[in-house]
Amino acid sequence: MPPTVSKQTISFLKKRFEEAGISINPRHGQNFLIDLNLMRMLVSTADIGPDDVVLEVGAGTGSLTAMMAACAAAVISVEIDERMHQLASEELIDFENVTLLHQDALRNKNALDERVLDAVRQQLNAAPGRKFKLVANLPYCVATPVISNLLMQAPVPESMTVTIQKELADRIVASPGSKDYSALSFWIQAQCQSEIVRLLAPTVFWPRPKVTSAILHIKLDTERRALVPDLKFYHEFVRKLFCHRRKFLRSVVVSITKPDLSKPQVDEVMQELCFDENTRAEQLSIPQMIALAEAVRRRLPAAV
């Protein structure tokens, strides 16, 4: 018979935490999904199959890990909390296709830890045809850097299916001109198709967060991604633009390209792309932003 773990209910969590002497650490963003149907929805949305290598950030008690391990080739699960890692290790002891890492998933805010990526690569290389996916009830405190950085480092996941704060999900799927349209919108939409699958009330988590959450499904679009000539430059350029989102686009581009570009050179870019003096960054479409970043990059001294 396949190995199993206990259902993640409030009573189960309270009992196990008491037995293990564990208290919730708010610093790690520990909010456990206690609705089994929603856990199943998360896994089914990710469409995990026997060729998939799944990365989970935030193993918690291992309940979601076990559900994914039942249908994946391998699961690499990362847990920063020592006591939670020990608890998950006990729950997952019979799952031979689970690698449970005790560490921070991030090296810093701009990169994942190479040990995590190495573990993923090892499993991807273990058999031909394997695919990489992120599936996780992401701790709120690391959701943005995990999602964002996975699109910069290798390997890049084929899809990311996560529970995150609704506010963050809104930013990822936002439309031009909306209040949620941001650097993150431009970064992810230039490479992926994203969809909010389900909104999650605070009551489906324990402890209850003070905000609404969402199941978000992000699918890599390789054709879109190929239209960005220099991903690293595009990422930094968009991020710098939105540090001054209230200013007109021309003045921001002038500011962030000093001293490499002169004002006449910036005006040349604006004219080339038919942007008027009142254009703002949040009004641009994804193709317009890619074109702007590339027009600026080509004029910089370091451009290749």
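Counting from 1, residues in each chain are numbered in the order their sequence is written. Totals for whole chains, interfaces and linings use all residues, but because this is a predicted model, local features are given only for residues with pLDDT of at least 70 and pairs of side-chain atoms are given and counted only at 80 or more. Heavy atoms throughout the structure, all of them, feed into the side-chain values; hydrogens and water do not.

So, the overall build of the protein chain
Short version of the rule: Helix and strand definitions here come from DSSP, where helices need a minimum of 4 consecutive H or I residues and strands a minimum of 2 consecutive E residues; each element is numbered from the N-terminal end. Only the C-alpha atoms count toward the radius of gyration. The rule for a globule is 2.2 Å times the residue count to the power 0.38. Partly exposed residues are those whose accessible area sits between 20% and 50% of the maximum for their type, while under 20% is buried and over 50% is exposed, using a 1.4 Å probe and protein chains only. For this analysis, residues touch if any pair of their heavy atoms sits within 4.5 Å. Residue exposure ignores everything except the shown protein chains as possible cover, and the areas themselves are Shrake-Rupley values with a 1.4 Å probe. Charge counting follows a simple rule: Lys and Arg are positive, Asp and Glu are negative, and His as well as the terminal groups are ignored. All charge positions are set by atom: Lys at NZ, Arg at CZ, Asp at CG, Glu at CD.
Scanning the protein chain for helices and strands turns up 13 helices and 11 strands. Here the protein chain has a C-alpha radius of gyration of 21 Å; the compact-globule value for 304 residues is 19 Å, and the two agree. Summarising its shape, the C-alpha atoms of the protein chain cover approximately 70 × 45 × 30 Å along the three principal directions. The buried share of the protein chain, reckoned over its 304 residues, is 52%. Sequence-distant contacts, at least 24 apart, represent 68% of the contacts inside the protein chain between residues at least 6 apart. Carbon and sulfur atoms make up 50% of the accessible area of the protein chain, which amounts to about 14,600 Å² in all. Counting 36 positive and 35 negative side-chain charges, the protein chain places the centres of these two groups 5 Å from one another.

With respect to the packing of helix H12 (residues 263-272) against helix H13 (residues 286-299)
What counts, and what does not: Lines fitted to C-alpha atoms define the axes, with helix axes restricted to the stretch in contact, and inter-axis angles between N-to-C directions lie between 0 and 180 degrees. Whether a crossing is left-handed or right-handed is set by the direction in which the near helix is turned from the far one by less than a right angle, anticlockwise for left-handed and clockwise for right-handed. Basically, the charged four are Asp, Glu, Lys and Arg, the nonpolar ten are Ala, Val, Leu, Ile, Met, Phe, Trp, Tyr, Cys and Pro, and anything else, Gly included, counts as polar.
For the pair H12 and H13, the least separation of the axes is 10 Å and the interaxial angle reads 145°. Handedness of the H12/H13 crossing: right-handed. Of H13, the residues touching H12 (which contributes Gln265, Glu268, Val269 and Glu272) are Leu292, Ala295, Val296, Arg298 and Arg299. When grouped by side-chain class, the residues that make up the contact of H12 with H13 number 4 nonpolar, 1 polar and 4 charged.

As for empty space enclosed by the protein
Left-over empty space is what a probe sized like a water molecule reveals as it rolls over the atoms. Quick reminder of the rule: Grid points spaced at 1 Å over the protein atoms alone were grouped into cavities, where a 1.4 Å probe fits but cannot get out, and pockets, open sets with protein on both sides within 12 Å along at least five of seven lines, with lining residues defined by an atom within 4 Å of a point. Grid points are joined across faces, edges and corners, and a volume is the space filled by probe spheres set on the points.
All told, the structure shown has 1 cavity of 30 Å³ or more when counted by the stated rule. Of the voids in this model, the largest cavity is the one considered here, and its volume is about 40 Å³. Looking at the largest cavity, the residues that line it are Val228, Pro229, Asp230, Phe233, Tyr234, Ile290, Ala293, Glu294 and Arg297. Elements with a minimum of two residues in the lining of the largest cavity: helix H10 (231-241) and H13. Here the lining of the largest cavity takes 4 residues from H13, the largest share from any one element. By residue class, the composition of the lining of the largest cavity is 6 nonpolar, no polar and 3 charged.

Observations concerning the layout of surface pockets
The calculated volume of the largest pocket comes to roughly 460 Å³. Lining the largest pocket we find 33 residues, and of these His28, Val57, Gly58, Glu79 and Pro139 sit closest to its centre. Broken down by secondary-structure element, the contributors of at least two residues to the lining of the largest pocket are strand E1 (32-33), strand E2 (52-57), helix H3 (63-69) and strand E3 (74-79). For the lining of the largest pocket, the class distribution of residues is 17 nonpolar, 12 polar and 4 charged. Of the volumes computed, that of the second largest pocket is approximately 330 Å³. Considering the residues around the second largest pocket, the lining is formed by 13 residues, among which Asn110, Thr144, Ser148, His235 and Arg239 are closest to the centre. Listing elements by their share of the lining of the second largest pocket, those giving two or more residues are helix H6 (143-150), helix H8 (183-189) and H10. Element by element, the count of residues in the lining of the second largest pocket is highest for H6, at 4 residues. Across the lining of the second largest pocket, the residue classes tally to 4 nonpolar, 5 polar and 4 charged.

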